[in-house]
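# Per-entry structural report
Spelled out, the chains give:
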Amino acid sequence: MEDLEAMSFEELIELKVTSVSKKEETLFGAAAAVYVLTNEDIRRSGATTIPEALRMVPGMQVAHIDSGTWAISARGFNSRFANNLLVLIDGRSVYSLVFSGVFWDTQDAILEDVDRIEIIRGPGATLWGANAVNGVINIVTKNSKETVGGMVSAGGGTEEQAFGSVRYGEKVGDNLTYRIYGKHFERDEFVGQNGDPAADSWSGSRGGFRMDWDLPRESSLTAMGEFASQTQGLRHKDNLVLPRFPFASTFDEEEEVINGHFLTKWSRKFSETSNMHLQFYYDRDERDFENTSFQILNDTYDLEFHHRFALSQRQEIAWGLGQRYIVDSFDNSANVKFNPRQRLNYNTNFFFQDEITLVPQRLKLTVGSKFSVNNVSGFEFQPSGRMAWTPNDKHTLWGSVSRAVRTPNRINDSVDFKNRVVALPGGTPIVASNFGNLDFESEEVLALESGYRVKPAENIFLDFAAFYNFYDSLLTVERKAPFFETSGSSIIPILPFPFDNKGSGETYGLEAAAQWNVSGWWKIKGAFTWFQMDLTPDSDSLDTTFEPTEENDPEIQWNLRSYMDLPHNVEFDTTLYFVDELNGMNIPQYARWDVRLAWRPVDSLEISLVGQNLSDSKHPEFGDDQFQFIARTLVERSVYGKVVWKF
Amino acid sequence: MIFASSYKKILCLALPLWILLAAHGHSQEFPLEFKVKAVLLKKIVKFIDWPAAVNGKATSSVTLAFLGESPVWPVFQAMADQGKQGALVLRKIEDRADANCCKVLFIGSDQRDNLKEIFGLLKGRPTLTVGEMEGFAEAGGMVEIYNREGNIHFKINKGVADAAGINIRSNLLRIAEVVSTK
């Protein structure tokens, strides 16, 4: 209680995270490494995309590969096709079965309407499902009750050439609110290694709606939908252009993406300790690679049910069921083929969790497991046990043991990918090809985590987390005997590299977050990450590229953010980020300095000026790995201005 | 295999504990929602200025009366037991006719059907009406403290407060959701 009294209005209003147990819980007592980016954090960071906002989070790795492509992971294994995170936007999984990862280019929203982004590092599989190996990112947009009225924002600058969004929300009758919105952006290309344009400019538009309807008996219905279209340049490096030698060349690809979704959720609250929801969504993602005539099409249908109730005063049960179908289809290109070209994939899951209060208000144990069956790896179980001890309102100590899996994707089990040309001893060129393996199993992690949160003073909050992860059955690329493939009149020598599960490894690290409310007008936040990785191929593995990837993640990262409220409604915000070198990719360490100056002449109008990457004129953030294909691109210093008008 | 065996161990430890705890326990703690509502109300009151003389007599203390049933009431009682109610004087009233007794009137959610009558009684009187039922502010209440998807927010109906001669300071209005009567 004393704790609550010391909080400001804003803190009281923000109090809660829903992710850890999908219910109200204070961040302070959570038995997991949770971090919340608030709407204010996002606004004051000057970030224009969700990936850029994630840089602020301890333990997260965010690297710009080119203007519209990111490598994003938590706790290691970062790559363009990183596959250890589960990302949800308003309860809709944006995981792609193609590579078990996220196409970050199309995960966008009007950032002013994002209520918060909750990030849970570590396995969150018990509640959230497969792929939550190293973390769950839960992006929550505002209820339409909070966006009644109009908003127009527009701006432009050097990299953010032009952007604008329009939103209008209204209350209809007593119980229904809705909003409709649209957004457009045009982003400039970055530069290549030699200072030449990187041919990676991109632009896109999206439009959508959200409706929230309060029904009798404390139930509510939410419906939302969105449609988006994007065009993006990609400079492919040494990609194969069959069928003639020399096979490989660097060329500019154009990717057209069309996607959309519809989600509806019905919730009902029975009492303070009991509620349920039923949710359905449909999501379509279509990607056309114009110059290689390759196409990916995914249709996802998902139904889930959740129920939470108090079994006794000391036990709270949460359980749920889910069924997902993904219908995929590929238009095979000369060098990327999927076999079969189309497939119906399914995942059926059940989860159960019991939160047990051992000592009221002080000691809490949460145990549970997710059980699922999918069409590729079959039955999976992902249990976890978490304990949180809050000796008083100023300290929380927590620990957890959990297991999670990364289930096989379409690339793992059914690709035929002519990756690159290599030379055999003697100099004969041969096409190195990756092959999917139908026996590919899930990658597994056993994670041990612990953490400590403390409020040493009323205005200081510190959050520490440590983890030790044991990975097994990690993906390796094995080698088999060469053969000749005849395709029409040409005969292609192939050196096959099928996927297998012959890797294991350990990672460990420390993460810290701090917040210091220096005074009513000045707030400082910071994050620090120390990360180590040790990978070992099995003794019978022929993969020589596996072990070196342990050098692809930064050992040290930190950021420091200062938010100042100056007189005359002026805000001055600065952020400094540091990312250590990536030895495996030859990327030097870099610092990034962002500044934002905003002025609100009247309550309804905000004018801001943002400088990003001010500390150097250009720098690379991510390098090549064997599956990346994008020519090295440098991130440039940039400036943009923005006006937001609410009415 | 190392994985499988460690899970068995965890299960072996957890299962008896779970069975042990199936027995009911008792907790005196109030749900967080109502604690937050109480603390918010305590803070909100500090940003309210009443006309110099309320109900004929000028007082510096603020009496907070509860009418009807609300889970926020026991939280305030507990605060008072620990002497942490601040400048507030607590009162529980049973009769709607007493609604104009105090500077702050918290109207319990069971009074939904009586709102019109209560607001009628208080018309023009400087009593700050507070409620947690949905639509309270739009219906003519001054401060609505409510739970929206697990976060506690508050709405202020400035028009009604103005009409009653109650001044709500601008720094509170800035963070509140300001609504008007339908």
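All values derive from a computational prediction rather than experimental measurement. (Residues numbered from 1 in each chain as written. Chains lettered and ligands numbered in written order. Predicted model: local features only at pLDDT ≥ 70, side-chain atom pairs only at ≥ 80, totals over all residues.)

## Notes on the overall build of chain B
- Along its length, chain B carries six helices and nine strands.
- Looking at chain B as a whole, 30% of its 182 residues qualify as buried.
- Sequence-distant contacts in chain B: of pairs separated by 6 or more residues, those separated by 24 or more amount to 61%. (Helix = DSSP H or I, 4+ residues; strand = E, 2+ residues; numbered from the N terminus. Buried ≥ 20, exposed ≤ 12 C-beta atoms within 10 Å, placed from the backbone. Contact = placed C-beta atoms within 7 Å.)

## Focus: the sheet that holds strand 9 (residues 177-179) of chain B
All names here are of chain B.
- Reading across the sheet, the seven strands line up as 3-2-4-5-6-7-9 and stay open at both edges, with mixed pairing between neighbours. Edge positions in the open sheet fall to strand 3 (88-93) and strand 9, since each of these has one partner strand only. For this sheet, the mean angle separating the axes of adjacent strands, direction not counted, is 25°.
- Along the sheet, helix 2 (residues 32-45) makes contact with strand 2 (62-67), strand 3, strand 4 (104-107), strand 5 (128-131), strand 6 (143-148) and strand 7 (151-157), crossing strand 7 at roughly 35°. (Pairing = 2+ DSSP bridges. Axes fitted to C-alpha atoms, helices over the stretch in contact; angles between N-to-C directions.)

## Topic: the sheet that holds strand 6 (residues 114-121) of chain A
Residues and elements named next belong to chain A.
- The strand order 1-6-7-4-5 describes an open sheet built from five strands, whose pairing is mixed. If you trace the sheet from one side to the other, it starts and ends with strand 1 (33-38) and strand 5 (92-93), each paired once.
- Where strand 1 and strand 6 come together, six bridges link them in antiparallel fashion. Across the sheet, the residue bridging to A33 is R121, located in strand 6.

## Focus: the environment of A:W521
- Its location among the elements puts A:W521 in the loop between strand 28 (490-519) and strand 29 (522-537).
- For A:W521 and A:G195, which are 326 residues apart along the polypeptide, the C-alpha to C-alpha distance reads 42 Å.

## Thoughts on unusual backbone geometry
Residue and element names in this part refer to chain A.
- With omega at 5°, the peptide bond leading from N339 into P340 counts as cis.
- Relative to the elements of secondary structure, P340 occurs in the loop between strand 18 (336-338) and strand 19 (342-359).
- Unusually for a residue other than glycine, A199 sits at a positive phi of about 55°.
- Within the fold, A199 resides in the loop between strand 11 (191-192) and strand 12 (202-215).

## Some words on helix 2 of chain B
All names here are of chain B.
- The terminal C-alpha atoms of helix 2, which comprises 14 residues, lie 20 Å apart, in line with the 20 Å expected from a rise of 1.5 Å per residue.
- The buried count for helix 2 comes to 11 of 14 residues, which makes it a mostly enclosed element.
- For helix 2, the set of buried residues is E33, F34, K35, V36, K37, A38, V39, L40, L41, K42 and I44. (Expected span 1.5 Å × (residues − 1).)

## Digging into the nonpolar core
Residues and elements named next belong to chain A.
- The biggest cluster of nonpolar side chains holds 71 residues, and the ones touching the most others in it are A53 and V57.
- By residue number, the principal contributor to this core is strand 26 (residues 460-477), which donates six residues.
- Setting aside residues no more than four positions away along its own chain, V57 makes contact with Y35, L37, I119 and A527. (Core = buried A, V, L, I, M, F, W, Y, C linked by C-beta atoms within 7 Å.)

## Focus: the confidence of the model for chain B
All names here are of chain B.
- The share of residues in chain B with pLDDT of 70 or more is 79%, and the mean pLDDT across the chain is 78.
- Confidence over residues 1-5 falls short of pLDDT 50; this stretch has four contacts with residues more than four positions distant or in other chains.
- Both scores are available for the predicted complex, with the pTM at 0.77 and the ipTM at 0.75. (pLDDT = per-residue confidence, 0-100.)

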